[in-house]
Amino acid sequence: MPQIPESHQKVRFYQTGTLTVGNRLLDAEHRSVQGTMDRSNSLDSGHRACQGCGEALGARFAIDAAMRATKNQLIAANATGCLEVFTTPYPETAWSIPWIHSLFGNAAAVGAGIAAALKAKGRDDVRVIAQGGDGGTTDIGFGCLSGMFDRNDDVLYICYNNEAYMNTGVQRSSATPGGARTATTMPVGKDPGNAFNTGKSVPLVAMAHLIPYVATASVHDLHDLEHKVSKAMGIHGARYIEIFVPCPLGWGSKPSDTVKIARLAVECGLYPLIEAEHGELTGVTKIRQHVPVGEYLKLQRRFAHVLKPGNAHQLEQLQAIADRNIKKFSLIDEKGGQE
Amino acid sequence: MKTPFAITLDVGSSLLNKTGSWRNERPVYLDRLPPCNHACPAGENIQQWLYLTEEGRYEEAWRQIMDDNPFPAVMGRVCYHPCETHCNRGQLDEAVGINAVERFLGDQALINEWQVEAGAPTGKRVMIVGAGPSGLTAAYHLRRIGHAVTVYDASPQAGGMVRYGIPKYRMPREKLRAEVARIERMGAELQLNTRIDDVVAARDEGKFDAVFLSIGAQLPKRVDIEVNGELPVLDAVSVLRNTELEEPTGMRGHVVVYGGGNTAMDVARSGVRLGAKSVTAVVFEAREHMPAHEFEVKEAREEGVELVCLRAIREVNGEQVTLEKMVPSEGRWPQPTGQFETISADVVVQALGQNVDTGLAEAISGIKVAEGAVQVGTDMQTGSPGIFAGGDMIPSERTVTTSIGHAKKAARHIDAYLRGVSYSPAEKHEVVSHDMLNTWYYSDAPRTVRPMLSVMRRQSGFAEIVGNIDQENATFEARRCMSCGNCFECDNCYGVCPDNAVKKLGPGNRFEFKYDYCKGCGLCASECPCGAIKMIPEEI
């Protein structure tokens, strides 16, 4: 199984290595964009996201890294969703980059159009990002996204995955996991919450398009996330990054637990961090401290019923998914973790 | 206002939207008290000097230690390091090797001849009785302030029990000598071979403004053992002292040491080195209740000291020592069983603790002596105004580090006394417990093991048994510090704020919150590795 690339080897034995945002003991080249005093703060203060919003955090992490990688020559197209609504209630905006919103389902197409226009104008210095939530990506915008992949348009599409339609009141999307409570998958009956064996993995679908670069990232592992965004900006053609962004409101979790929940999702195996090029898996981020899925689930009210008596079969199903991911992507070294 | 078609408002920034008004809790930065600092009897700011060591700033780290303790090279060898016992990292993997790093810094100072300067003269003079760790530390702190000091000691060399009680294999004398010399270079006057019998007369004669008593606890505690015959019964204090003075110790043949404390282990292990055929420690307590530190017992046994636990020596007949078997009881002490056994011996050494020679203090009117120790107030002052006391002679744990802590505290109060004011210590911060940390962020890093001299070489001489750690390992070990309760500028708060409401002020200057925008989600506090952020309720 491929290992993480040389450029993102974890730095060890410097108190916190590369696990924290910054580290005064590291060389500048190993420090993150978020740790610098002159980061671009592409998504600035005053936005109206909820307390502890994972998406607001993930968007700043990703766009700041892309800004650094493109020397601030960046345009973003945004799908409808929380990220659009909380950042840009007309006439105010929290974005400090050129940013365009059109419809819920066409962000990939708008991004492709911008890329085409830049090509026509001979501007190869300006790069394009299209972004949206999981609803706008995996359901409503899926046709446009697949077309963008198909044409290999020069766009990085970033999906901020919080596993449901949060902006409209927490309805199920095709990224909602089995067992999760949403407004449309209530925890009632024999199999409460969202049905298992439904939905889709867009990262794997994107890989099937054989596009130059596909990756998954999480707000808890900043160095990994920045590495993947920077790498994506160094490649031309269609690229896809999905970032796992917990939603305190929709998931019923404490705002202060957002990063912890993202960390546990990855550490239990439910959300594997991978990289793929031209359809081939090229890297996985190893689990550092493996935990059972219950540790991840218990912090979220959307899974409360899963941990109650009578629903052990749901817990087993979720654990089986995590175990399958660990095996499929070799998330745990035989020695037991990366460090 | 002219706007394009279908546009009715000018665009604006979200910065106009002060989301701080949503907040019902606010994060605040604070410095909590790390458990190592809290546990240090000398009150060292351990976290801070480890922080400096992490960056290779060894001299600054050493000077940080010197603010509290003038003996890093000594303490890095003989301290029982309660800091490590309380280290939060101990609950994660293993405690930080604080003692080894202190020793490294102490030795660096001796190699590089780093010196601390005395303060500007104040014209005040302090008499110190006893040149042990407590007396010398008091001299050091008072010289830093600028008071003149004269230290009197009856022994030919300075160091007190560190020299005459702690064997060379744990405390090489050249290190002790060098650290004492540094205090002398600051202008502290040492009057050795000078016994003070009348403190008040000596004070008046020398025109001293204040006195610090630190004569230690040097009288051996003895139990009466009925001896029929000629078998010598020695005491540990004399044996260790004679070992130091290179005079005959009487340790020969089969040695029986009576006691299970650290001094018993010291004398037993010295016996091995002095060429005894065998050394047996007869211990009153059960093995697991021995008062000696575990590592002392372990090392003693490695060197061939035999332990006989739950035994009391009852009498000596010729070369036969009669032991009574004891059984553990509900109460504090084991109980006798009436069953006896004998072992043979050429010499018996009592190592049952030491008493204070209270005669010196009792002769001073106003000083109260109770339960064999001189009583002092919270300001370390005895009942006689201007006479302070510290170290083993006052009620305490009787370790070198405790004595050094007493002296630091006493020096502050003596200074206040000399200036006619009172000193009140700053209020202590909340101690950091393990659950205040987010330990996920710390690199997995096992403790560096200090090299040890082979058992063969330990048995045959007084060479120092615990080796140095090198510079790389010292830095590595310091970097295992989790900086409990004190910001080490990891940028996590600055990074994880979804509202960009944390301002980074630059290296060394930490961060500040932008309360105009902070929504009070608490992510910064929960993702702070070291527990240096606290959420407090807003007054609404």
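Structural notes, computed from the coordinates. Note that the structure is a prediction, hence the values are computed from the model and not measured. (Residues numbered from 1 in each chain as written. Chains lettered and ligands numbered in written order. Predicted model: local features only at pLDDT ≥ 70, side-chain atom pairs only at ≥ 80, totals over all residues. Heavy atoms only, no water.)

**Brief notes about the overall build of chain A**
Scanning chain A for helices and strands turns up 11 helices and nine strands. In summary, chain A has a C-alpha radius of gyration of 19 Å against a globular reference of 20 Å for 339 residues, a match within 12%. Along the first, second and third principal axes, the C-alpha atoms of chain A reach 60 × 45 × 40 Å. Within chain A, the fraction of its 339 residues that count as buried is 61%. The contacts of chain A with a sequence gap of at least 6 include a subset with a gap of at least 24, amounting to 70%. (Helix = DSSP H or I, 4+ residues; strand = E, 2+ residues; numbered from the N terminus. Rg over C-alpha atoms; globule rule 2.2 N^0.38 Å. Buried < 20%, exposed > 50% of the residue type's maximum accessible area, 1.4 Å probe, protein only. Contact = heavy atoms within 4.5 Å.)

**Things to note about the sheet that holds strand β5 (residues 189-191) of chain B**
Residue and element names in this part refer to chain B. One open sheet holds the five strands; their spatial order is β5-β4-β3-β6-β20, and the pairing between them is parallel. In this open sheet, the two strands that pair with only one neighbour each are β5 and β20 (387-389). Geometrically, the sheet is characterised by an average inter-axis angle of 20° between neighbouring strands, direction not taken into account. As paired elements, strand β4 (residues 148-152) and β5 share three bridges and run parallel to each other. Bridging across to β5, T150 finds its partner in E189. Sitting on the sheet, helix α15 (residues 400-419) is in contact with β3 (125-129), β6 (210-213) and β20, with an inclination near 165° to β6. (Pairing = 2+ DSSP bridges. Axes fitted to C-alpha atoms, helices over the stretch in contact; angles between N-to-C directions.)

**Quick look at the interface of chain A and chain B**
Taken residue by residue, the interface counts 49 residues in chain A and 54 residues in chain B. Measuring nitrogen to oxygen at the nearest pair gives 2.7 Å for the salt bridge that ties R24(A) to E54(B). Along the contact surface separating chain A from chain B lie 37 residue pairs in polar contact (both at pLDDT 80 or more). Every element with two or more residues in the side of chain A that touches chain B is listed here: α1 (54-69), β2 (92-93) and α9 (258-268) of chain A. By residue number, the principal contributor to the side of chain A that touches chain B is α9(A), which donates five residues. Residues that form the side of chain A that touches chain B fall into these classes: 17 nonpolar, 20 polar and 12 charged. In the sheet, β2(A) pairs with strand β1 (residues 12-13) of chain B via two bridges, with the strands oriented parallel. Note that in β1(B) the partner of E92(A) across the bridge is G12(B). (Salt bridge = Lys/Arg side-chain N within 4 Å of Asp/Glu carboxyl O. Polar contact = N/O pair within 3.5 Å; in protein donor to acceptor, adjacent residues only side chain to side chain. Nonpolar A, V, L, I, M, F, W, Y, C, P; charged D, E, K, R; others polar.)

**Structural notes on helix α7 (residues 222-233) of chain A**
Residue and element names in this part refer to chain A. In this model, α7 (12 residues) spans 16 Å end to end at C-alpha, consistent with the 16 Å of a helix rising 1.5 Å per residue. Within α7, 10 of the 12 residues are buried, which leaves the element mostly enclosed by the surrounding structure. When α7 is considered as a whole, its buried residues turn out to be L222, H223, D224, L225, E226, H227, K228, V229, A232 and M233. (Expected span 1.5 Å × (residues − 1).)

**Describing a nonpolar patch on the surface**
A cluster of nonpolar residues, Y90(A), I7(B), L9(B) and V11(B), forms a patch on the protein surface that exposes about 390 Å² of accessible area. You can see L9(B) is positioned in the segment before β1. (Patch = residues over 30% accessible without salt bridge, like charges linked within 9 Å, V, L, I, M, F, W, Y side chains within 5 Å. Areas by Shrake-Rupley, 256 points an atom, 1.4 Å probe, with all protein chains shown as cover.)

**Considerations on the pairing of strand β12 (residues 306-309) of chain B**
Residue and element names in this part refer to chain B. Judged from the four bridges that link them, strand β11 (residues 278-283) and β12 form a sheet pairing that is parallel. From the neighbouring strand, V282 faces β12, where its bridge partner is V308. Between the parallel pair β11 and β12, the chain is carried across by helix α13 (residues 294-302), and the sense of this crossover is right-handed. (Right-handed = clockwise from strand over helix to strand, strands pointing away.)

**Considering the packing of helix α2 (residues 46-54) of chain B against helix α6 (residues 98-112) of chain B**
Residues and elements named next belong to chain B. Two elements in contact, α2 and α6, have axes separated by 11 Å at closest approach and are oriented at 65°. Between α2 and α6 lies a crossing of left-handed hand. Contact residues: I46, W49, L50 and T53 in α2; I98, V101, E102 and L105 in α6. Considered class by class, the residues forming the contact of α2 with α6 number six nonpolar, one polar and one charged. (Left-handed = near helix turned anticlockwise from the far one by under 90°.)

**Here we look at helix α11 (residues 312-328) of chain A**
Residue and element names in this part refer to chain A. Here α11 spans 24 Å end to end across 17 residues, near enough to the 24 Å set by a 1.5 Å rise per residue. Within the span of α11, buried status applies to Q314, L318, A322, N325 and I326. The arc that holds the buried residues of α11, viewed along the axis, is 125°, so those residues lie on one side. Away from its buried face, by an angle of more than 90 degrees, α11 presents the exposed residues E316, R324 and K327. Elements that come into contact with the buried residues of α11 comprise α9 and α10 (293-297). (Arc of directions from axis to C-beta.)

Function cannot be inferred from these measures alone, as they are strictly geometric.
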